[in-house]
There are 2 protein chains.
Amino acid sequence: MARRGPRPGGADTRADILVAAERAFAEQGYDGATVRRIAATAGVDPSMINHHFGGKDELLMAVLELPMDPQPMVAAVLGASPTAPGAALLRRALAAWESGPGQLTIGMLRSSLHRDRTVGLVRQLLERRVLAPIMAEMTVPEAERPWRVSLLATQMLGLIMMRYVIRIEPLASADHDQIVTAVGPTIDRYLQGDVD
Amino acid sequence: MARRGPRPGGADTRADILVAAERAFAEQGYDGATVRRIAATAGVDPSMINHHFGGKDELLMAVLELPMDPQPMVAAVLGASPTAPGAALLRRALAAWESGPGQLTIGMLRSSLHRDRTVGLVRQLLERRVLAPIMAEMTVPEAERPWRVSLLATQMLGLIMMRYVIRIEPLASADHDQIVTAVGPTIDRYLQGDVD
């Protein structure tokens, strides 16, 4: 939807900026995306980006929140307190990563790892939006949760990077069942098995 | 060691270029490092880089080979055909990653993931220099090795990224014993346990 030029701020402006920024970060990466061009795509004045978000870092943070929210998925899988949650968690995670929003999220993750500043944002986002919701649903004693959830994070991130970014075979072409069978028990052990 | 200007090529020139490039890629990343500045640091004419390596991509590839060679470690650990190789492999890998060359390797890996071209180099390097040597030492039937080794790669890469790049706690501060105890059994299962 082309717009003719700047217009006053509002809820709609914020949403338009987010849509434009999401595409810019995914296609051009953090370094390549510019506030000026995002503003132009959204049809707003660049000052609106600072007004609504504060700056490019905060915009990336807001965008990274946008594509997928893992909380409902985590609650659905772990809230039922299954004895082997790994398979269900993986199955849902694979479907989510392979959806449009998931691919955008992986693209943005990938373009955030080479700079300390953006890695800091990724860490905050991961802790607040992924690891905290998982810890909240875990049934093991609270004191064990941070360690278990960081182990879970290693396996999940490694799977994402190797399957979707580096794309080693046969992993990149493996079907979900194969991955769930092989990696599910790892997730089960990290979440509730013997790790000490 | 400062040099006064260009000098003719030779084995020494190649080594000097590699040392300069290693530092440039680690400190400035793939995008920031320039052939011109690497040549200046090495005290050679920029044409010598094309002469010896072909270009910036090939230089990165050559540099990525330089810092650490996993083959002897893999042979030492897996060559003895232990029943639980995960602990020994992890213990050696953690020590290697935390050495100077290991940190350089992680820095270069980190600065290679956001571009398709450099990711392609990482994939080749990983397959040829890490996964192939591991497969050569494995005792399970050959047909199973590519799948097992890609599972191993997911766990190892995720551990590297979460501990050294994204640095989530308590993982980033965990001591080696904790990590070996928690992750060792995962490696054992991926290398020789039930994954189908």
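Starting afresh in each chain, residues are numbered from 1 along the sequence in its written order. All chains are assigned letters beginning at A, and all ligands numbers beginning at 1, according to the order in which they are written. Owing to the predicted nature of the model, reporting of local features is limited to residues with pLDDT of at least 70; listing and counting of side-chain atom pairs is limited to 80 or more, with chain, interface and lining totals taken over all residues. Here the side-chain values reflect all heavy atoms present in the structure, with hydrogen atoms and water set aside.

Engineer: Give a description of the relation of the copies chain A and chain B that names residues and reports values.
Structural biologist: Note on the identical chains: chain A maps onto chain B by a rotation of 180° and an axial translation of 0.0 Å, with an RMSD of 0.1 Å. What the superposition gives is, in effect, a two-fold axis relating one chain to the other. Across chain A, the smallest distance between a C-alpha and the rotation axis is recorded for Gly158 of chain A, namely 1.8 Å. Every residue pair with non-hydrogen atoms within 4.5 Å of one another is taken to be in contact. A shared binding surface is used by both copies, with 100% of the interface residues of chain A retained as interface residues in chain B. Least squares is the method used to superpose the copies, on C-alpha atoms of residues holding a pLDDT of at least 70 in both.

Engineer: Residues and numbers for the pattern of salt bridges, please.
Structural biologist: Residue and element names in this part refer to chain A. Each salt bridge in this description consists of a side-chain nitrogen of Lys or Arg and a carboxyl oxygen of Asp or Glu lying within 4 Å of one another. Summed over the entire model, instances satisfying the criterion amount to 8 salt bridges over all chains. In this structure, the salt-bridge partner of Asp177 is Arg91, at a minimum N-O distance of 2.9 Å. On the criterion of sequence distance, the pair formed by Asp177 in helix H10 (residues 176-192) and Arg91 in helix H6 (residues 85-97) is long-range, its members being 86 residues apart. A salt bridge links Arg148 to Glu144; the shortest N-O distance between them is 2.9 Å. Put simply, DSSP H or I for four residues or longer makes a helix, DSSP E for two residues or longer makes a strand, and each gets a number counted from the N terminus.

Engineer: Please give an account of the packing of aromatic side chains that cites residues and values.
Structural biologist: Between two aromatic rings, the relevant description is the distance of the centres plus the angle of the planes. Residues and elements named next belong to chain A. Note on aromatic contacts: the rings of Phe and Tyr and the six-membered ring of Trp form a pair at centre separations within 6.5 Å, being stacked when their planes are under 30 degrees apart, edge-to-face when over 60 apart, and tilted otherwise. In the structure shown here, the tally under the stated rule is 2 aromatic pairs over all chains. Between Trp97 and Tyr164 the ring centres are 6.1 Å apart and the planes differ by 75°, which places this aromatic pair in the edge-to-face class. With Trp97 in helix H6 and Tyr164 in helix H9 (residues 145-165), the pair connects residues that are 67 residues apart, well separated along the chain. The residues Trp97 and Tyr164 share a single accessibility class, namely buried. Exposure classes here rest on a 1.4 Å probe applied to the protein chains alone. A residue is buried below 20% of its type maximum, exposed above 50%, and partly exposed in between.

Engineer: Give me the interface of chain A and chain B: which residues, what numbers.
Structural biologist: Contacts between the two partners involve 43 residues from chain A, matched on the other side by 43 residues from chain B. Roughly 3,600 Å² is buried in total at the junction of chain A and chain B, and carbon and sulfur atoms are behind 69% of that figure. If you sort the residues of chain A by the area they bury against chain B, Arg110, Trp147 and Ile166 of chain A come out on top, with a joint share of 17%. Viewed at the interface, chain B and chain A are joined by 2 salt bridges. Residues Asp116 of chain B and Arg110 of chain A are paired through a salt bridge, measuring 2.7 Å at the closest nitrogen-oxygen approach. In protein, a polar contact requires one atom able to donate a hydrogen and another able to accept it; more generally it is a pair of N or O atoms within 3.5 Å, and residues adjacent in sequence count only if both atoms are side-chain atoms. Our count for the contact surface shared by chain A and chain B stands at 17 residue pairs in polar contact (both at pLDDT 80 or more). Buried surface area refers to the total accessible area, computed with a probe of radius 1.4 Å, that the two partners give up upon joining, counted for both partners together.

Engineer: Which residues make up unusual backbone geometry, and what values do they have?
Structural biologist: Cis peptide bonds are those with omega within 30 degrees of zero, and the linkage from Glu169 of chain A to Pro170 of chain A qualifies with 5°. Mapped onto the fold, Pro170 of chain A is located in the loop between H9 and H10. The phi dihedral of Arg167 of chain B falls on the positive side, at around 60°, and the residue is not glycine.

Engineer: An account of the domain arrangement of chain A is needed here, citing residue identities and associated values.
Structural biologist: Residue and element names in this part refer to chain A. Domain limits in this description derive from either an automatic procedure or a database domain assignment. You can read the domains of chain A as domain 1 (11-65) and domain 2 (70-192). Taking only C-alpha atoms, the centre of domain 1 and the centre of domain 2 are 26 Å apart. With both sides pooled, the region where domain 1 packs onto domain 2 buries about 1,400 Å², and carbon together with sulfur makes up 65% of that total. Connecting domain 1 to domain 2 are 0 residue pairs in polar contact (both at pLDDT 80 or more).

Engineer: I'd like to hear about helix H8 (residues 116-137) of chain A, residue by residue, with values.
Structural biologist: Here H8 of chain A contains 22 residues, and its C-alpha end-to-end distance of 30 Å stays within 8% of the 32 Å for a straight helix at 1.5 Å per residue. Along H8 of chain A, the positions that sit buried rather than exposed are Thr118, Val119, Gly120, Leu121, Val122, Leu125, Leu126, Leu131, Pro133 and Ile134 of chain A. A helix is expected to reach a length of 1.5 Å times the quantity of its residues less one.

Engineer: Break down the packing of helix H5 (residues 70-78) of chain B against helix H8 (residues 116-137) of chain B for me, with residues and values.
Structural biologist: All names here are of chain B. For helices, the axis comes from a line fit to the C-alpha atoms of the stretch in contact; other axes are also lines fit to C-alpha atoms, and the angle between any two N-to-C directions lies between 0 and 180 degrees. Their axes nearest at 9 Å, the elements H5 and H8 cross at an angle of 25°. When the axis of H5 is compared with that of H8, the two are roughly parallel. Handedness of the crossing formed by H5 with H8: right-handed. Of H8, the residues touching H5 (which contributes Pro70, Gln71, Val74, Ala75 and Leu78) are Arg129, Val130, Pro133, Ile134 and Glu137. Of the residues assigned to the contact of H5 with H8, the class counts are 7 nonpolar, 1 polar and 2 charged. Orientation is classified from the angle alone, with under 35 degrees giving roughly parallel, over 145 giving roughly antiparallel, 65 to 115 giving roughly perpendicular, and any other angle giving oblique. Crossing handedness follows the turn of the near helix against the far one: under a right angle anticlockwise gives a left-handed crossing, and clockwise gives a right-handed one. By the convention adopted, Pro, Cys, Tyr, Trp, Phe, Met, Ile, Leu, Val and Ala count as nonpolar, Lys, Arg, Asp and Glu as charged, and the other residues, Gly among them, as polar.

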